[in-house]
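# Structural overview
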Amino acid sequence: MTELNTTLIHHPYHPPEGFAAPQPGVFKASTVIFPTVAAMRNFDWKDKSAYTYGLHGTPTTYTLEERLCTLEGGLQCLLAPSGLAAIANVALSLLRCGDEVLIPDNAYGPNKVLAQGELMGWGISHRYYNPMDAQDLAAKIGPQTRLVWLEAAGSVTLEFPDLRQLVRVCKDRGVLCALDNTWGAGLAFAPFDLQPGLSPALGVDISVHALTKYPSGGGDVLMGSVITRDASLHMKLKLTHMRLGTGVGANDAEAVLRALPSMALRYRSHDEATRSLATWCQTRAEFAQVLHPALPDSPGHAHWQALCKQELGGAAGLFSVIFPVQRSQAQVDAFCNALKLFKLGYSWGGPMSLVVPYDLASMRTGWPAHLQQGTLVRFSVGLEAVTDLQSDLQHALESALA
Ligand SMILES: *Cc1c(COP(=O)(O)O)cnc(C)c1O
């Protein structure tokens, strides 16, 4: 007879065959038990034919990976503990000492900071290109260039590049391109099939997605994904992922699996409210410029129109405004402080609206030619009633800038 504490651990319960609930189970494991020593030696996690260790995958993470492949039109997926970890996974896997990475000047800030920090320290150089000028990208690709980052729309300033043209430049020059697809989320456009009907398809090599944003939807999970359509490229990324040990926990994976079925509805709703608020802001004299790719005079609008779904659900929940130079930083800060529903906070994609004032001059190599001079504030529109959000903006404008 075994001791009580032993039987408590070696419990006999197995879920019954035929328990087909809509939501997948949460399988939590570091250890995975092998039936025999031979199995221990032969099981291989790399092709998902077996489970070997929690870090290498569980039924919960494999299910999430499959669903994200479906969302983005990819074939293989890796999960990382944050969007930034997913970005770092790509860089650390593909770049070696002496290599160069090209990053759009409007990229997600921490991607640039990673290049300035760890990558520089390891002898990997970087240059920034103007994402609104494919010729600039073409001119900057050199013999050491191994990776080009893409982002659509651009971080904070939301200008929309000619993504097809940028990808064509990379293909022509034989350089891998990775898209930060957090804004499009797999819903606004198909990253691996940018021009439907073309054969072979025109698409990025890698799509990185901060699942922290729309897939999670709750503002309560940090996770990222790295999706590909090329098995050997995936394997390269996966070996780095394994060596770094950057797997994700089952509870977090379950939180994303739970939120995915409502993602398209939420994205559409964020989009609708954001277009409405951005259009209203255009009528206000307080702003020198309103940035949102679906607005006809926003930078890159024609590229957005050519690539993205035109109906609601083709643009995310972000827009930015530029206050004219006559406004002091203190006045702009007072406006942000006066907002009650838009909370001061980073990230986006959750139910609560957020606002961040940015020091744009410190974030770009130069002031972009397509932007008015002034002070930029970015809004992330949540799921509150749009009438309440508009009143909040109006009240803050009138109380802080009177
Ligand atoms: C938030 C974000 C990331 C990083 O995601 P985290 O999970 O917060 O690390 C990367 N890219 C873009 C465009 C983002 O908005």
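Before any of the text, the structure's been laid out above.
My aim in this report is to walk through the structure given alongside it, one point at a time. Nothing here was measured: the structure is a model prediction, and the numbers come from that model. (Residues numbered from 1 in each chain as written. Predicted model: local features only at pLDDT ≥ 70, side-chain atom pairs only at ≥ 80, totals over all residues. Heavy atoms only, no water.)

### Focus: the site of the ligand
Counted only if it meets this: Near, as used in this document, describes a residue that has one of its heavy atoms within 4 Å of the molecule or strand being considered. Polar contacts, as used here, are pairs of N or O atoms within 3.5 Å; protein pairs need one atom able to donate a hydrogen and one able to accept it. Residues neighboring in sequence count only if both atoms are side-chain atoms. Note on areas: Shrake-Rupley with a 1.4 Å probe; residue coverage comes only from the protein chains shown. In this description a helix means any DSSP run of H or I spanning at least four residues, a strand means any run of E spanning at least two, and both kinds are numbered starting from the N terminus. Throughout, the ten residues Ala, Val, Leu, Ile, Met, Phe, Trp, Tyr, Cys and Pro are labelled nonpolar, Asp, Glu, Lys and Arg are labelled charged, and all others, Gly among them, are labelled polar.
The full set close to the ligand counts 13 residues, and Gly83, Leu84, Asp180, Thr212 and Lys213 are the nearest of them. Contact distances for the ligand include 2.6 Å between a nitrogen atom and a side-chain N or O atom of Asp180. Contact between the ligand and Thr212: an oxygen atom at 2.5 Å from a side-chain N or O atom of the residue. Here the ligand loses 90% of its free accessible area of 380 Å² to cover by the protein chains. The element that contributes the greatest number of residues to the shell around the ligand is helix α4 (residues 83-94), accounting for three residues. Of the residues in the shell around the ligand, the class split is six nonpolar, four polar and three charged.

### Overview of the environment of Ile87
Under the convention used in this document: Should any heavy atoms of two residues lie within 4.5 Å, those residues are considered in contact.
Position of Ile87 relative to the elements: it lies in helix α4. Ignoring sequence-local partners within four residues, the contact set of Ile87 consists of Tyr108, Asn111, Leu114, Trp149, Asp180 and Val208.

### A look at the sheet that holds strand β11 (residues 354-358)
This is how it is decided: A strand pair is defined by DSSP finding two or more bridges across the two strands. Only the stretch in contact is used when fitting a helix axis, every axis being a line fitted to C-alpha atoms; angles between N-to-C directions are given from 0 to 180 degrees.
Pairing within the open sheet is mixed, and its five strands lie in the order β8-β9-β12-β11-β10. Each having just a single partner strand, β8 (289-291) and β10 (343-344) make up the two edges of the open sheet. Relative to strand β9 (residues 318-323), β8 is paired through three bridges, and the arrangement is antiparallel. When the bridges of β9 are listed, Gln289 appears paired with Ile322. Contacts between helix α10 (residues 263-282) and the sheet are confined to β8 and β9, with β9 contributing the most and set at about 15° to the helix.

### Considerations on the sheet that holds strand β3 (residues 125-129)
Read from one edge to the other, the open sheet built from seven strands follows the order β1-β7-β6-β5-β4-β2-β3, with strand pairing classed as mixed. The open sheet has two free edges, formed respectively by β1 (76-80) and β3, since each of these has just one partner strand. Taken pair by pair, the neighbouring strands of this sheet meet at an average axis angle of 20°, ignoring direction. Both strand β2 (residues 100-104) and strand β4 (residues 145-151) contribute to a ladder of three bridges, which runs parallel. Across the sheet, Leu102 pairs through a bridge with Val148, a residue of β4. Against the sheet, helix α3 (residues 59-72) makes contact with β1, β6 (206-210) and β7 (224-228), and its axis sits at roughly 120° relative to β1, the strand it touches most. Each of β3, β4 and β5 (176-180) is contacted by helix α7 (residues 163-173), which is oriented at about 175° to β4, the strand it contacts most.

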